[in-house]
Every structure is written in structure tokens, then in C-alpha cells.
Amino acid sequence: MRLYSTIFLIVCAIMPASGCQSVRGYPDRVNDSDELITAVKATYPIADVIAHYANKTTDEEKRSYRNEIVTAYILAIDTNYSEFSKGMFAQRGYLTVGGETLKSLFGAAGALTSAGQTSQILSGLSAAYDAADGSVESNIYYSQTQLTVISTMTAERSKVRVRILKGCQASSTDYPLAAALTDLEDYYRAGSVPGALSAIATTAGQKQVEAETAFETLISPRPDFVDLIVLMEVAR
């Protein structure tokens, strides 16, 4: 009975502490995210948007309506992305802050209880948490790589956004609604984990090519370097 009472007290202690700490990374929103996104979808359903755009007759009308749609869709995408990145941060904070507290409580309880089954079980729970925590930390969402992924998503989104804003300055002939919708889809994908990983891989590949090119440029006018490299490879 003492075992169950001790574990119950530990769980009660950890829940409020971990819950509060996991949401401090972002301030409260001014408006409700779900309501905003729902309003954009209801006001600008894609079928109606395409039909209304096709009914516009002048370039000025098409440009104005295209830019109105782009602005509304960017707002919805940004709101969705904000909630997505907030969720990634909250999950990380909950497991790290709450988990560390839980591990400390298990270890302290094991040390304070009398020798026997309860102490052994609590110490075992602390060790089990260490093993589980190591497994979770290897996941991309909860490792330090998460910061790189988020910063890459932000950078890639900015690149696409600049392209969209430049397009909005062009005529409806040079930048029709279809092109804007395609760029908006790219904008959405840039804020995804697969999109970020793809960008990271591309950047790494480009840097490798640049490094190899620089090395080849360095040794090309120096045949003695080439001879030295050959001798080093043979020595291996």
C-alpha cells in the first residue's frame, strides 16, 4: 500500500510543474487560430476563388483579387505554421522539463524510503526513465536537431515568401493566380519537417561540391600536389 501511495504522490507533484513549464515558450495569441483558419476557408474556398478570378475582365481586377487571395492564404498558412512550431516546442519542453523533474523525484523517493521492495522499484523507475529518455532524445522532434529544423523551415519560408511578394507586384499575365497558388503550396511545404530536411541535405551537398571544386582549383596548377596525394594513397 505504501508503494502505491508514494507513486501517486510523485505523479501528483509532477503534473502541475511539467504542465506549466511546457507552455512558456510562446505568449498567448490575440485571436483563436482555429477560428481564423476556418474563416479564411469559408470566405475563400478554392473552387469559388478560381471561378471569381476567371470572371475578372481587366488586369487591375485580376491583380487586386489575386493579391487579396494571396494575403488571406498566407495568413492562414502562417497561423497554421505558428501552431505547428509551437507544438514542436511544447512537446520538447514537456518531456525535458517534466521528465527531468520526474526522474529527480523517483530518485529522491528511492533514497528516502526504507530499504526493501519500494526503494528498489522507485530506483528502477528512475533508471527506466533514463533509458526511455535516451530513446526519445534520439527522435528528431526531441533532439537538438529540432532547433536546426525549425530555423531551416523559417529560412525556407522566407525565401518563398519573397518570391510570392515579388510576384504580387507583377501583372496578372506575368503572375497569374495559378502561379500564385503554386507558390503558396511551396510556402506551405517549406514549413514542414520533410521540406526542412530536404533543404538541409541540398545545402550540405552544395557545400561539398564547393569544397571539392575549391580543392581541385588549388591543386590543378600544382602537379607536385597531385604526386604527393598519389603517394599518400599508395602508402595507405
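Residues numbered from 1 in each chain as written. Predicted model: local features only at pLDDT ≥ 70, side-chain atom pairs only at ≥ 80, totals over all residues. Heavy atoms only, no water.

Chemist: Help me out: how do you make sense of the overall build of the chain in this one?
Modeler: What the chain contains, in helices and strands, is nine helices and zero strands. Each helix and strand of the chain, ordered N terminal to C terminal, gives the series α-α-α-α-α-α-α-α-α. Relative to its 236 residues, the chain shows a buried fraction of 29%. Of all intrachain contacts in the chain linking residues separated by at least 6 positions in sequence, the fraction that spans at least 24 positions is 79%. As displayed, the chain has an accessible area near 14900 Å², and 61% of this comes from carbon and sulfur atoms. (Helix = DSSP H or I, 4+ residues; strand = E, 2+ residues; numbered from the N terminus. Buried < 20%, exposed > 50% of the residue type's maximum accessible area, 1.4 Å probe, protein only. Contact = heavy atoms within 4.5 Å. Areas by Shrake-Rupley, 256 points an atom, 1.4 Å probe, with all protein chains shown as cover.)

Chemist: Would you mind going over the packing of aromatic side chains with me for this structure?
Modeler: Given two aromatic rings, their pairing is described by the distance between the two centres and the angle made by the two planes. The tally for this structure, following the rule as stated, stands at zero aromatic pairs. Lying over the aromatic face of Y65, K56 brings its terminal NZ or CZ to 5.1 Å of the ring centre. R157 extends its terminal NZ or CZ atom over the ring of Y81, reaching a point 4.0 Å from the ring centre. (Phe/Tyr/Trp six-rings, centres within 6.5 Å; stacked < 30°, edge-to-face > 60°. Lys NZ or Arg CZ within 6 Å of the ring centre and 35° of its normal.)

Chemist: Can you walk me through the side chain of D78 in this structure?
Modeler: Assignment of secondary structure puts D78 in helix α4 (residues 59-112). Residue contacts for D78: discarding those within four places in its chain leaves R157, R161 and Y187.

Chemist: Can you walk me through the pattern of salt bridges in this structure?
Modeler: Once the charged atoms of two side chains with opposite charge are near each other, the side chains can pair. Per the stated rule, a full pass over the model turns up seven salt bridges. A salt bridge links R161 to D78, with the nearest nitrogen and oxygen atoms 2.8 Å apart. One end of the pair, R161, is in helix α6 (residues 145-168); the other, D78, is in helix α4, with 83 residues separating them in the sequence. Shared partners join several salt bridges into a network, and the residues in it are R163, D183, E185, D186 and R189. (Salt bridge = Lys/Arg side-chain N within 4 Å of Asp/Glu carboxyl O.)

Chemist: Teacher, can you tell me more about a negative patch on the surface here?
Modeler: A cluster of acidic residues, D59, E60, E61 and D174, forms a negative patch at the surface. On the basis of relative accessibility, which here comes to 54%, the residue E60 falls in the exposed class. (Patch = residues over 30% accessible without salt bridge, like charges linked within 9 Å, V, L, I, M, F, W, Y side chains within 5 Å. Lys, Arg positive; Asp, Glu negative; His and termini not counted. Charge placed at Lys NZ, Arg CZ, Asp CG, Glu CD.)

Chemist: I would appreciate a short explanation of the nonpolar core in the present structure.
Modeler: Buried together is how nonpolar side chains tend to be arranged in soluble globular proteins. Y73 and I164 are the most contacted members of the largest nonpolar core, which has 23 residues in total. Only α2 (33-43), α3 (46-55), α4, α6 and α7 (177-190) provide two or more residues apiece to this core. Take this core: its biggest share by element is eight residues, from α4. If you look at the next biggest cluster of nonpolar residues, it comprises seven residues, including V149, I150, M153 and V193. (Core = buried A, V, L, I, M, F, W, Y, C linked by side-chain atoms within 4.5 Å.)

Purely geometric numbers; function is a separate question.
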